[in-house]
Structure formats: structure tokens, C-alpha cells
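# A look at the structure
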Number of protein chains: 2
Amino acid sequence: MALPATTTRRRTLAVGLIGPGRVGSALLDQLRATQPRLARAGLELKLCGVAASKRMWLDSDDPALNGRSDSAQTWRPSDLNEFVDHVRGIDGRHALLIDCSANDTVASRYAGWLAAGVHVVTPNKLAGSGPLTRWQAIRAACASGMRFRYEATVCAGLPVVQTLRDLLDTGDELLSVEGMFSGTLAWLCNRHDGSQPFSALVREAHTLGYTEPDPRDDLSGMDVARKLVILAREAGWPLSLENVEVQSLVPAELAALPVDEFMLRLDQLDASMAARLADARAQGGVLRHHAHLDAHGRASVKLAVLPTGHPFAHTRLTDNVVQFTTRRYRDNPLLVQGPGAGPEVTAAGIFADVLRIAEGLEVRA
Amino acid sequence: MALPATTTRRRTLAVGLIGPGRVGSALLDQLRATQPRLARAGLELKLCGVAASKRMWLDSDDPALNGRSDSAQTWRPSDLNEFVDHVRGIDGRHALLIDCSANDTVASRYAGWLAAGVHVVTPNKLAGSGPLTRWQAIRAACASGMRFRYEATVCAGLPVVQTLRDLLDTGDELLSVEGMFSGTLAWLCNRHDGSQPFSALVREAHTLGYTEPDPRDDLSGMDVARKLVILAREAGWPLSLENVEVQSLVPAELAALPVDEFMLRLDQLDASMAARLADARAQGGVLRHHAHLDAHGRASVKLAVLPTGHPFAHTRLTDNVVQFTTRRYRDNPLLVQGPGAGPEVTAAGIFADVLRIAEGLEVRA
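Keep in mind it's a predicted model, so treat the numbers as computed, not measured. (Residues numbered from 1 in each chain as written. Chains lettered and ligands numbered in written order. Predicted model: local features only at pLDDT ≥ 70, side-chain atom pairs only at ≥ 80, totals over all residues. Heavy atoms only, no water.)

Applying the stated rule across the entire model yields 42 salt bridges over all chains. Notably, a salt bridge pairs aspartate 59 of chain B with lysine 46 of chain B, separated by 3.6 Å at the nearest N-O pair. Taken together, the residues span a long stretch of sequence, with aspartate 59 of chain B in the loop between strand E3 (55-58) and strand E4 (76-77) and lysine 46 of chain B in strand E2 (residues 43-51) at a distance of 13 residues. Given the relative accessible area of 30%, lysine 46 of chain B is considered partly exposed. Where arginine 191 of chain B meets glutamate 204 of chain B, a salt bridge forms, and the shortest distance between an N and an O atom there is 3.4 Å. Taken together, the residues arginine 191 of chain B in helix H8 (residues 183-191) and glutamate 204 of chain B in helix H9 (residues 198-208) connect sequence positions 13 residues apart. Its relative accessible area of 26% is what places arginine 191 of chain B among the partly exposed residues. Assessed through its relative accessible area of 28%, glutamate 204 of chain B is described here as partly exposed. One network of salt bridges, in which partners are shared, links Arg37 of chain A together with Arg165, Asp169 and Glu234 of chain B. (Salt bridge = Lys/Arg side-chain N within 4 Å of Asp/Glu carboxyl O. Helix = DSSP H or I, 4+ residues; strand = E, 2+ residues; numbered from the N terminus. Buried < 20%, exposed > 50% of the residue type's maximum accessible area, 1.4 Å probe, protein only.)

Below, the structure is given as C-alpha cells:
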């Protein structure tokens, strides 16, 4: 059922956004567009500040809010301490920080913010897949009832982390996770049919903007490995990035080159990729970029030959897909599939986390 | 992140279960098994009563709870008014009724219970797909902040209703829903390859317990139509069952027979099903039992010929699958797939709803 239209239970959540880039801006658009509906449901998400790396805006500076005639918003130099203090406010209101930066220093602040009574939501994978001690400190800081949510770190807006959480919280037991967590690598594997060299496909994906500016950020598999670490930790398994077996598609001799030079030498990937494809075909299977995690905590990210009957053999070009095998879903796993990247769907994943926190707020005067 | 371990925010939710059948019993097992973990997270789900159709148990009757030496639980004749009053209690505690009956009279009570301050969770499709006025009364009764949740009405424990809710609440717009919502019909269509008549497959499914005791309850498509109505209403479209175009696989002349006689005349289905299969093959496609809903509120449940590249062409034997096409997920829809029936996964869907309500509880003394 929709957010209930309620007049008896009004809740206000002060929100501060860190990192107004493409995802952050899409989120601000979504918050604005849904404001009337949320208000009818008794929920006010009150944007109190936006912090970019160099400048920040606080609603107290807004001339319109202060009755001044000058309607231009005022920006001041960024100061994250001042920003967070402002969002928390002095009246014990509910407060939430949304970190859309990709900044490790910001991720290092989460535990402190949670301990200080501020909820945190992020699409940033650095906390969930970074140092285990930092992750454990963040979990510990939630003991006072604060919430840390990060659905959008894995497959953007697809319901992945929450689905795993619900399985575990209702007493199910995770046996394994299989996934294709990179739309770019899914596209490359789907298109890699032998009609053109792999390097030509990488160039095409690069031109289309499907890859990161440096395609090695996709081809290395490290971004996929981070997602696997996040899901493992969600299941209570203390996995770290360095324990994931990651097979990079980038030959070692190309790993450290400047990006322009790497792009010129892309055809050095072709022979080995052609051999992998021929091998897959000889086995009667398809070649896919495959992430796997088992209940012994073993995790791998690599090219794998999957049988043509495998559900991952028939995904749409750039789709992400994740499959949970659990005690209850042992014979037929639970599968979620769809686009796993893009500002709008990523913002929606963040927004759903915000709503989940808002649902749990106590009414404060 | 897991339910936070919190000592500062303890919540108690009084729970009454109506209908301790296979699903209800599985749920009681799950509640018992997870109790220690929930307690660590500061949540007590306190089972206050179980009501079957003829008898009910109230925790006040439990000799163990009353310090009496007789450890046998006491059952008394069922009285739903007394039952609900008991679960609500007199101290203004948070209370929740879980309806695992398949009883329309019970569904007619939801609005009254919600208005009286009791949350309701159910896997029972009758409220969500029954008379529109009753449905609207239930929604209206949630205005005071009570929650009515029914994830398990569509595809059991798969995250379907919540996923649609999140899309809409974050401002997305539903364009269409496609689904295969019957594991039985999915199995029949997957197995129907021409090597044996359709009737033989129905008999096999009946023997294996894949069908309802009367297979016409599956073959009629009405159960699938109910799920489509529930999703349409979730999207705010006032669809009723009588407006769904439902193509029954049961010929009209067999619809009213006693079930034994129907089973004897099953082969009357074969010629038309063989023709449908031949037609699908002539088109180069596969035959699937397909539910469809579009943004104009048009809804249909019928056999459809899908191209072999369609994701529904490659599902596992008895899997359910749902695909949401929205403004944000327009080119590549969002897809959820897996087993959509069975006591354990259905109970887990109910349990997830209970946890979602519990997360939103205010602490009361």
C-alpha cells in the first residue's frame, strides 16, 4: 500500500547531501518532484544543506528563507564539520546525511556521524568494501538505533541488499551468491561473438560512454569485487577486498600505462579473449563475467564458461543480475535482474533507503 | 546492515495469528527460530494468540505463563472479536494481526481492525483482489498510521509488491507489468513440448502435488488474475477482477463438472493445446502462460507466444517471474524471478512485512 495519507503522524527528517554530482542532482530532482506526495503522507524531507568539495550551501543562508529580497542562494567554502552540525540542528530533530561523493575521507566520517545521532545513506562502495575495521566501527555505531543504508552500492536501484537482508532477518541462510555486477562487462561479453576483436568492442563501449573514462576501471574487475565484499559482509562474513580472487582482463604489462597509451595497445587483449571464447564454445557454453561467493567465504570475480541453460546466458545487453541461493531457495534461487547503473536508478535506490529510514522515525515535537 | 543491536530502543509488537495452516505453522516456526536474534536487536514479537476456524489459543490461557503446573496449552472455541480484543490488549501496545486464513469473512474485518489501531499483514489475496469498495475502505482505514501489508499475496516471498512500492514512492511511473504468476502453469508450459499430450502433464502435476486439489483452480487463470489486480491497485489503478481478460484453459463444458469427472475428461484439453503449441512453433516462439497489465489499466491473463529471446522463455521449471517496465526502467525492465509458492517462502514474505512494520514502531512504555 502507498505511503499512508496520515494527519496524525507527521515526521520531519533533516537531510544534508554531500556530493551534488550526477547522482546527487538526480536525487535532488526526485526529492523535489515527490515532495507534495510525501507531505500528504505526513513526511517532510527538509533539505538543509548541500556540500560539494569546495563550496557548500546551508538553508540558513537562503535569502528567501530569511525574508531577504535577494533571491540568489549563497554558497560558502565547504566545511564538513560545520555542514554536519547544521544538518543535525540544535533541537534534536531527526537528521540524515546522504553521501554521494566517491570520497574515502567522507566514508571515514560515517561512524562518527552515526554515533552522534545522524543517519547515513550512501551509494558509495568505499565504506562497505574498504577496511574491515572501519566497517565494523560503522556497524557498532548503529547500536544506538541510527541507521546506515547502502542499497545503491550494489546494482544501483535494483532491490539487492534489502532482499538479502530480508532473507537473513527472517531466518534464511545464505549458501551462495552469483552475479554479473558490471553492465559494461556484461555488454562486452554479450557482444563478444568472434565477429570482431575484443579490443574493437572496448573501443566502441568507450566511445558510447559505457565504460569509465579509463576502461581499465571496468576491466580490472575491482568494482565488481567491491560489490561482492558488500554482500558478503551483509551476510555476516568478514570478507575483505584482498581476499577476493579477481581475474583482471588487463594484462599486467598494460596496467600501469597512461590511459591514452593503454587505448593504443588495446589489441593486446584480443588473442587471450579470442582463446577464451573458443574454449567456451568448445564446451558448448557462453563466456560471462561472473562473480561468485560461497558459504565458506570464498569469493571470485572472473570470466567463466556458463551452460547455455544458465539464466545469466540470456540477460539483456547491459543488465546486471544477482542470484541468491539459500536454504529456502536452494533448488531454484531468487534472481533479480535489470539495469544496475545510471544516475536516475541509482538516485532511486538511495531514495528508497531514505524512505525506509523515514518510516522508522519516531514523532518528535 | 543487520537489524541494529540496540539497547536503547526496545519495541514490543503483540502478534495474533489467524489460520495456523501450512503457511501459518511455517511462520510460527520462523518466529520462534529468530526470536533470540530479534531480541538482541531490541524487538520482541510477542505471540498473544492463534485462532483456527473452530478453536483458539490465547496466551492468557497458557498455564506456563500463569505459573500453573499443568503445561498443556488450553484451547477454547474461536471467537474472533474476543481474539482481536485480546491481541490489542488494554495498554495501548502495538498490535498486529496476521491473517493466514483464506477466508473472505476475515478479509472483511481488516478495515475495522486497522481503524481500531491494529496493523494487518496477510498472504490472503481476497482483500487485495476482491471488491474495490472494500479495498478502498482498507486503504482509508490506514490513514491513522496503521499499516496493511501483503507482500506474500504475489509470488510468495519474492520481493514484488515492495519493489513496485519503492519505484512509485521514489517518483517512478509504472508503464506495464508482465508476469508468469503460476508455478503450476509455468511448469506445464515448460514441459509441454509435444512429446506427450497436455492432459498427461496435468495428471503428472496433480500427482506430484504441483496443482491445487482441483487443477481447474490453476488452469482457470483466476488466481493469476487476482495477483494482477493486486499489482494494478498498488499502482493506483482501480482494477477489478471482472475487468481482467482471463483466458481459461478449461473448456466451458468441463468447468462445472465434479473434479473426479473432470480428471477423467482431461484429454478434451489436448487438441487445442497441441494446436497452440504448433502455432507457437510456427512463429518461432514459445508458449507461455502470461499475465500483462498496461498503463491504460488493460489486464490480461492468457497463453501467449513469446519470442525465444524473451526472458520468460528461459525460466526454471516452476519459477514465477515478474517484470516491471517504468519510466526509469523503460528499455531494460526490472525483473524478479524465483519460486513463487510454498509454505516456507510464503511465511518469509509475511515475516518480512512484519519486520517492516516493526521497524516503524514508536517506542511505547
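That was the structure; now back to the text.
Residues and elements named next belong to chain A. A positive phi is found at alanine 156, a non-glycine position, where the angle reads about 55°. With respect to the helices, strands and loops of the structure, alanine 156 is situated in the loop between strand E7 (148-149) and helix H7 (161-169). A relative accessible area of 3% places alanine 156 in the buried class.

Running from N to C, H7 of chain A and helix H14 (residues 343-359) of chain B point in directions that differ by 100°, and their axes come no closer than 9 Å. With respect to H14 of chain B, the element H7 of chain A is oriented roughly perpendicular. Packed against H7 of chain A, whose contacting residues are Gln162, Asp166 and Asp169 of chain A, the element H14 of chain B presents Phe351, Ala352, Leu355 and Arg356 of chain B at the interface. The residue inventory of the contact of H7 of chain A with H14 of chain B, partitioned by class, reads 3 nonpolar, 1 polar and 3 charged. (Axes fitted to C-alpha atoms, helices over the stretch in contact; angles between N-to-C directions. Parallel < 35°, antiparallel > 145°, perpendicular 65-115°, else oblique. Contact = heavy atoms within 4.5 Å. Nonpolar A, V, L, I, M, F, W, Y, C, P; charged D, E, K, R; others polar.)

Both copies of the chain are related by a screw-like operation: a rotation about an axis and a shift along it. With an axial shift of 0.0 Å and an RMSD of 0.0 Å, the rotation relating chain B to chain A amounts to 180°. What we have between these two chains is a two-fold relation. Closest to the rotation axis within chain B is the C-alpha of glycine 360 of chain B, separated from it by 1.8 Å. Looking at chain B, 100% of its interface residues are interface residues in chain A too, so the copies touch through the same face. (Least-squares fit on C-alpha atoms with pLDDT ≥ 70 in both.)

Here we come to the pairing of strand E5 (residues 94-99) of chain B. Residues and elements named next belong to chain B. With 6 of 6 residues buried, E5 lies mostly within the body of the structure. What you see with E5 is no split at all: His94, Leu96 and Ile98 on one side and Ala95, Leu97 and Asp99 on the other are buried throughout. Judged from the 6 bridges that link them, strand E1 (residues 11-18) and E5 form a sheet pairing that is parallel. When the bridges of E5 are listed, glycine 16 appears paired with leucine 97. Here 3 bridges tie E5 to strand E6 (residues 119-121), and the two strands are oriented parallel to one another. By the bridge assignment, leucine 96 is partnered in E6 with histidine 119. (Pairing = 2+ DSSP bridges.)

What follows is about empty space enclosed by the protein. Taken as a whole, this structure holds 3 cavities of 30 Å³ or more when the rule is applied. Taken as a whole, the largest cavity holds about 390 Å³ of empty space. Lining the largest cavity are 34 residues, and of these Pro159 and Gln162 of chain A together with Pro159, Gln162 and Thr163 of chain B sit closest to its centre. (1 Å grid on protein atoms, 1.4 Å probe; cavity = no way out; pocket = protein on both sides within 12 Å on 5 of 7 lines; lining within 4 Å. Points joined across faces, edges and corners; volume = space filled by probe spheres on them.)

A common way to express how large an interface is: the accessible area buried when the components associate. All names here are of chain A. Taken domain by domain, chain A comprises domain 1 (11-157 + 344-359) and domain 2 (162-339). For domain 1 versus domain 2, the distance between C-alpha centres works out to 30 Å. Of the roughly 1,400 Å² buried at the junction of domain 1 and domain 2 (both faces included), carbon and sulfur atoms supply 56%. A per-residue breakdown of the area domain 1 buries against domain 2 is headed by Lys125, Ser129 and Cys155, which together make up 35% of the total. At the surface where domain 1 touches domain 2, the tally comes to 1 salt bridge. Taking the shortest distance from any N to any O, the salt bridge between aspartate 223 and lysine 125 comes out at 3.3 Å. The interface formed by domain 1 and domain 2 contains 7 residue pairs in polar contact (both at pLDDT 80 or more). In terms of residue count, helix H5 (residues 125-129) provides more of the side of domain 1 that touches domain 2 than any other element does, 5 residues in total. Of the residues belonging to the side of domain 1 that touches domain 2, the class tally is 8 nonpolar, 4 polar and 5 charged. (Domains from an automatic or database assignment. Buried area = accessible area lost by both parts, 1.4 Å probe. Polar contact = N/O pair within 3.5 Å; in protein donor to acceptor, adjacent residues only side chain to side chain.)

Our focus in this paragraph is the sheet that holds E2 of chain B. Residue and element names in this part refer to chain B. Pairing is mixed across the open sheet formed by 7 strands, whose spatial order is E4-E3-E2-E1-E5-E6-E7. Pairing within the sheet leaves two strands with one partner each, and these edge strands are E4 and strand E7 (148-149). As defined by bridge partners, E2 adjoins E3 across 3 bridges and the pair is classed as antiparallel. Its bridge partner being in E3, valine 50 is matched across the sheet by tryptophan 57. Strands E1, E2, E5, E6 and E7 of the sheet are contacted by H14, whose axis makes an angle of about 160° with E6.

Turning next to the packing of aromatic side chains. Residues and elements named next belong to chain A. All told, the structure shown has 12 aromatic pairs over all chains when counted by the stated rule. Both rings, one in tryptophan 135 and one in tyrosine 150, keep their centres 5.6 Å apart while their planes meet at 75°; by these two values the pair is edge-to-face. Of the two residues, tryptophan 135 sits in helix H6 (residues 132-141) while tyrosine 150 sits in the loop between E7 and H7, which places them 15 residues apart along the sequence. Overall, tyrosine 150 belongs to the buried group, its relative accessible area being 4%. (Phe/Tyr/Trp six-rings, centres within 6.5 Å; stacked < 30°, edge-to-face > 60°.)

This paragraph deals with the side chain of serine 199 of chain A. Note on placement: serine 199 of chain A falls in helix H9 (residues 198-208). Excluding its chain neighbours within four sequence positions, the residues that come into contact with serine 199 of chain A are Leu266, Asp267 and Asp270 of chain A.

Residues and elements named next belong to chain B. Here helix H13 (residues 270-282) contains 13 residues, and its C-alpha end-to-end distance of 18 Å stays within 8% of the 18 Å for a straight helix at 1.5 Å per residue. The set of residues buried in H13 consists of Asp270, Met273, Leu277 and Ala280. The arc enclosing the buried residues of H13, seen along the axis, measures out at 90°, which places them on a common side. What points out from H13, more than 90 degrees from its buried face, is the exposed set Ala271 and Ala282. Taken from the residues just after H13, glycine 284 is the one with a positive phi, measuring 75°. (Expected span 1.5 Å × (residues − 1). Arc of directions from axis to C-beta.)

Another point: the sheet that holds strand E8 (residues 174-180) of chain A. Ordered by their spatial adjacency, 12 strands build an open sheet running E9(A)-E11(A)-E10(A)-E8(A)-E12(A)-E13(A)-E13(B)-E12(B)-E8(B)-E10(B)-E11(B)-E9(B), and the pairing between neighbours is mixed. The open sheet has two edge strands with one neighbour each: strand E9 (244-246) of chain A together with strand E9 (244-246) of chain B. The mean angle between the axes of side-by-side strands here comes to 30°, regardless of whether they run parallel or antiparallel. Bridge analysis of strand E8 (residues 174-180) of chain B against strand E12 (residues 319-326) of chain B gives 6 bridges, and the strand direction is antiparallel. From the neighbouring strand, methionine 180 of chain B faces E12 of chain B, where its bridge partner is valine 321 of chain B.

Now for the interface of chain B and chain A. If you look at the interface, chain B gives 62 residues, while chain A gives 62 residues. With both chains or domains summed, chain B and chain A bury close to 5,200 Å², and 51% of this area falls on carbon and sulfur atoms. For the interface between chain B and chain A, the tally reads 10 salt bridges. Where arginine 328 of chain A meets glutamate 344 of chain B, a salt bridge forms, and the shortest distance between an N and an O atom there is 3.7 Å.

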